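# Fold and contact review
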Amino acid sequence: MATVSVCQYHRGGFSFENCKRNALLEADINKLGFSSPAARKTGTTICGVVYKDGVVLGADTRATEGMVVADKNCSKIHYISPNVYCCGAGTAADTEMTTQIISSNLELHSLSTGRLPRVATANRMLKQMLFRYQGYIGAALVLGGVDSTGPQLYSIYPHGSTDKLPYVTMGSGSLAAMAVFEDRYRPNMEEEEAKRLVRDAIAAGIFNDLGSGSNIDLCVITKGKVDYLRPHDVANKKGVREDKINGRPETGNYRYKHGTTGVLTKAVTPLNLEVVEESVQTMDTS
Amino acid sequence: MSEELFPEPEWLSEEVKTGTTIIAVTFDGGVVLGSDSRVSAGESVVNRVMNKLSPLHDKIYCALSGSAADAQTIAEMVNYQLDVHSIEVEADPLVCSAATLVKNISYKYKEELSAHLIVAGWDKKKGGQVYATLSGLLTRQPFAIGGSGSFYINGFVDAEFRKNMTKRECQEFVVNALTLAMGRDGSSGGVAYVVTIDKDGAEEKCILGNELPKFFDE
């Protein structure tokens, strides 16, 4: 008996089969007057700075879906290897998956070489992958870490170009953050000063850019140590609502006292029900 | 409230371009390459200190212009291929070989790529050479200019270039050309990088904005 269909081998990497389906759906939906859901973007402020002993990476924590905040506290600083971390701006799914793929490949590479991975290796892997996809993967990254050659910081753009610099910013709030850096950056800063500088740069992005908001996450990487400070600074605390009538703060309490509504009449009708049949079915939950 | 209250930042969709001025000139005994340092994405400058003179080998450099991703990738690929080639022939590669490798990539992918590289260097056989590889052609020239800023200095370089300049004169010529272009082209600016290659090796220099020569500026 011949098979009706042939099983297709799943080749590694991304599958673009759904793009055709999406294009057809898009055309139909627009005819009915609706709009298709937008990909969740991280409309972000991320930045990094090289200081005396290492690098400090910073990010805000707002993820937006069009004009609505989809996640008030998302984590934008991704793990690549014990000594290398990466902040991501652009399409949330793209940054998440890209950093996970490279992190996994880098771990295999590090086991093969027997050494701690280098930041330049992660940079090469990321830029070669992004170039291969010609900018269709919307991931703009700030990659930082410390290896045997010292602390390094790279910015990586969606089309695959990279820049190695002492301070970088990315995301919709990058211009606000860069303004802070250009004013106050000095080479060979101390750790506290560098953390303060990054915190202020992200805060500039949070308060002056609509796509960035909520808290500030920091990641301080030095030789042999990583401080993942999440959150480092809760810049936007949610307020507590006050209920003036009762005198003490009550948030969203819609309980009314007994007697608020007057009872006019009361009628009680007992229903006599008898059990006719009883059966028990046990579920195997092992 | 309009939909445009939070428009997607342009640089996310704009490709990062090196909107540049690059120049390479031969002198008696070698070549001098020069470039500006501005990288733009849309209207925003994303890197104001990028060195666009990329080493392909010890005495062969290339100058990048056009799309930053395309240019960086071509330069890195040719760097790798030249390393392998020089090990195979057990000698320093010829500038012509480097230029041919760049030309092969630029020609084969000419529809997909938008980058222009000028290859220049020194080798034992022919001394200092400059090759232009625009759109996949390969041509040897006494000097070559490229990038968006080059349009403003075509007249200047045609008038001022002389054959068999000394090293000093050539460096001055390159710095003057870069300064004039950076002064008039919005997509070029920052600092000037100058690389001088002769039989003794390559010497890199960075000239800050306030050290550039001053021209008519009112």
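In this text the structure is predicted, and so the values were computed from the model without any measurement.

### Some remarks on the overall build of chain B
Scanning chain B from terminus to terminus reveals five helices and twelve strands. By the compact-globule yardstick of 17 Å for 218 residues, chain B fits well, its C-alpha radius of gyration being 18 Å. Taken over the C-alpha atoms alone, chain B extends approximately 70 × 45 × 25 Å along its principal axes. Relative to its 218 residues, chain B shows a buried fraction of 52%.

### Things to note about the overall build of chain A
Counting its secondary structure elements, chain A contains five helices and twelve strands. Counting every position in chain A, which comprises 286 residues, the buried fraction comes to 40%. Within chain A, contacts between residues separated by at least 24 positions form 60% of all contacts whose residues are at least 6 apart in sequence.

### Points about the sheet that holds strand β11 (residues 216-222) of chain A
Residues and elements named next belong to chain A. In space, the five strands of this open sheet follow the order β10-β1-β2-β11-β12, with antiparallel pairing throughout. On the outer flanks of this sheet lie β10 (167-170) and β12 (225-233), each paired with one strand and no other. Pairs of neighbouring strands in the sheet enclose a mean axial angle of 10°, with direction left out of account. Examined bridge by bridge, strand β1 (residues 46-50) and β10 share four bridges and lie antiparallel to one another.

### Examining the environment of L264 of chain A
Note on placement: L264 of chain A falls in the segment after β12. With a relative accessible area of 84%, L264 of chain A lands in the exposed category.

### Brief notes about the packing of aromatic side chains
For the structure shown, the criterion picks out seven aromatic pairs over all chains. Relative to Y228 of chain A, the ring of Y85 of chain A lies with its centre 5.9 Å away and its plane at 40°, an arrangement referred to as tilted. Of this pair, Y85 of chain A sits in strand β6 (residues 84-90) while Y228 of chain A sits in strand β12, and the two are 143 residues apart along the sequence. Seen from their ring centres, Y167 of chain A and Y185 of chain A are 4.6 Å apart, and the 40° between their planes marks the pair as tilted. Residue Y167 of chain A is found in strand β10, and its partner Y185 of chain A is found in the loop between α4 (174-184) and α5 (191-208); the two are separated by 18 residues along the sequence. Of the two residues, Y167 of chain A and Y185 of chain A, neither departs from the other in class, the shared state being buried. Each residue in the set F143, F156, F161 and F173 of chain B is aromatic and connected to the rest through ring pairs, giving one cluster.

### As for the interface of chain A and chain B
In this complex, chain A contributes 28 residues to the contact, which on the side of chain B involves 23 residues. Taking both partners together, chain A and chain B bury about 2,100 Å²; carbon and sulfur atoms supply 61% of that area. Where chain A meets chain B, there are three salt bridges. The salt bridge partner of E182 of chain A is R48 of chain B, with a shortest N-O separation of 2.6 Å. Linking chain A to chain B there are six residue pairs in polar contact (both at pLDDT 80 or more).

### Digging into α4 of chain A
All names here are of chain A. Regarding α4, the residues found buried are S174, A177, V180 and F181. The buried side chains of α4 occupy one side of the element, clustering within an arc of 125° when seen end-on. Facing away from the buried side of α4 by over 90 degrees, the exposed positions are L175 and D183.

### Brief notes about helix α5 (residues 167-184) of chain B
Residues and elements named next belong to chain B. Here α5 contains 18 residues, and its C-alpha end-to-end distance of 26 Å stays within 8% of the 26 Å for a straight helix at 1.5 Å per residue. Among all positions of α5, only C170, Q171, F173, V174, V175, A177, L178, T179, A181 and M182 are buried. Those residues of α5 that are buried lie in contact with β1 (22-27), β2 (30-35), α4 (154-160), β11 (192-198) and β12 (201-207).

### Observations concerning the sheet that holds strand β8 (residues 127-132) of chain B
All names here are of chain B. If you trace the five strands from one edge of the open sheet to the other, you get β5-β6-β7-β8-β9, paired in antiparallel fashion. With partners counted over all chains shown, the strands left at the sheet margins are β5 (53-57) and β9 (139-141), one partner each. Adjacent strand axes in the sheet meet at a mean angle of 30° when their direction is disregarded. Across three bridges, the pairing between β8 and β9 is antiparallel. Residue pairing across strands places V130 opposite Q141, the latter belonging to β9. Helix α2 (residues 68-89) rests against β5, β6 (60-66) and β7 (115-123) of the sheet, and its axis sits at about 20° to β5.

### Section: unusual backbone geometry
The step from R230 of chain A to P231 of chain A runs through a cis peptide bond, and the omega angle for that step is -5°. If you trace the backbone, P231 of chain A turns up in strand β12. Positioned with a positive phi, Q134 of chain A is a non-glycine residue whose angle comes to about 50°. Phi at N164 of chain B takes a positive value of approximately 55°, unusual for a residue other than glycine. Assessed through its relative accessible area of 64%, N164 of chain B is described here as exposed.

### Brief notes about the packing of α2 of chain B against helix α3 (residues 95-108) of chain B
All names here are of chain B. Between α2 and α3, the shortest axis-to-axis distance is 10 Å and the interhelical angle comes to 135°. One element, α2, and the other, α3, form an angle in the oblique class. Here the hand of the crossing between α2 and α3 comes out right-handed. Facing I74, M77, V78, Q81, L82 and H85 of α2, the residues of α3 in contact are S97, A98, L101, V102, I105 and S106. For the contact of α2 with α3, a count of residues per class yields eight nonpolar, four polar and no charged.

### Points about the UniProt feature "active site" (unreviewed entry) in chain B
Residue and element names in this part refer to chain B. As annotated in UniProt, the feature "active site" (unreviewed entry) corresponds to T20 in the numbering used here. Note that T20 resides in the loop between α1 (10-13) and β1. For T20, the residues in contact, after removing those within four places along its chain, are D36, K52, L64, S65, G146, G147, S148, G149, S150, D185, S187 and S188.

### Thoughts on the UniProt feature "active site" (unreviewed entry) in chain A
Residues and elements named next belong to chain A. In the numbering used here, UniProt assigns the "active site" (unreviewed entry) feature to T44. Within the secondary structure, T44 sits in the loop between α1 (17-32) and β1. Overall, the relative accessible area of 1% leaves T44 in the buried class. If sequence neighbours within four positions are ignored, T44 has contacts with D60, K76, G88, A89, M170, G171, S172, G173, D209, G211 and S212.

Here is what the cut-offs are and how they apply
- As a convention, each chain's residues are numbered from 1 in the sequence order in which they are written.
- Each chain takes a letter, starting from A, and each ligand takes a number, starting from 1, following the order in which they are written.
- Thresholds applied to this predicted model are a pLDDT of at least 70 for local features of residues and 80 or more for the giving and counting of side-chain atom pairs; totals over whole chains, interfaces and linings are not thresholded and use all residues.
- To obtain the side-chain values, all non-hydrogen atoms of the structure were included, while hydrogens and water were left out.
- By the criteria applied, helices consist of DSSP H or I runs no shorter than four residues and strands consist of E runs no shorter than two, each listed in order from the N terminus.
- Radius of gyration here is computed from C-alpha atoms only, and the compact-globule reference equals 2.2 Å multiplied by the residue count raised to the power 0.38.
- Relative accessibility under 20% of the residue-type maximum defines a buried residue, over 50% an exposed one, and the middle range a partly exposed one, all with a 1.4 Å probe and only protein chains included.
- Contacts: residue pairs with any heavy atoms within 4.5 Å of one another.
- Between any two strands, pairing holds if DSSP finds at least two bridges.
- Axis definition: a line fitted to C-alpha atoms, over the contacting stretch in the case of helices. Angles run 0 to 180 degrees between N-to-C directions.
- In summary, the pairing rule links any two rings of Phe, Tyr or Trp, Trp by its six-membered ring, whose centres are within 6.5 Å, and it sorts them by plane angle into stacked for under 30 degrees, edge-to-face for over 60 and tilted for everything else.
- Here the buried area means the combined drop in accessible surface, using a 1.4 Å probe, for two parts upon being joined, counting both sides.
- Salt bridge criterion: a side-chain nitrogen from Lys or Arg within 4 Å of a carboxyl oxygen from Asp or Glu.
- Polar contact is the term for a pair of N or O atoms within 3.5 Å; when the atoms are in protein, one must be able to donate a hydrogen and the other to accept it, and sequence-neighboring residues count only if both atoms are side-chain atoms.
- Think of it as the arc spanned by the lines of direction from the helix axis to the C-beta atoms.
- Take the number of residues in a helix, subtract one, and multiply by 1.5 Å to get its expected span.
- Here the angle decides the label: under 35 degrees means roughly parallel, over 145 means roughly antiparallel, 65 to 115 means roughly perpendicular, and every other value means oblique.
- Crossing handedness follows the turn of the near helix against the far one: under a right angle anticlockwise gives a left-handed crossing, and clockwise gives a right-handed one.
- Residues are grouped as follows: Ala, Val, Leu, Ile, Met, Phe, Trp, Tyr, Cys and Pro are nonpolar; Asp, Glu, Lys and Arg are charged; every other residue, Gly included, is polar.
- UniProt positions are given in the numbering used here, feature names are shortened, and annotations may be inferred rather than shown by experiment.

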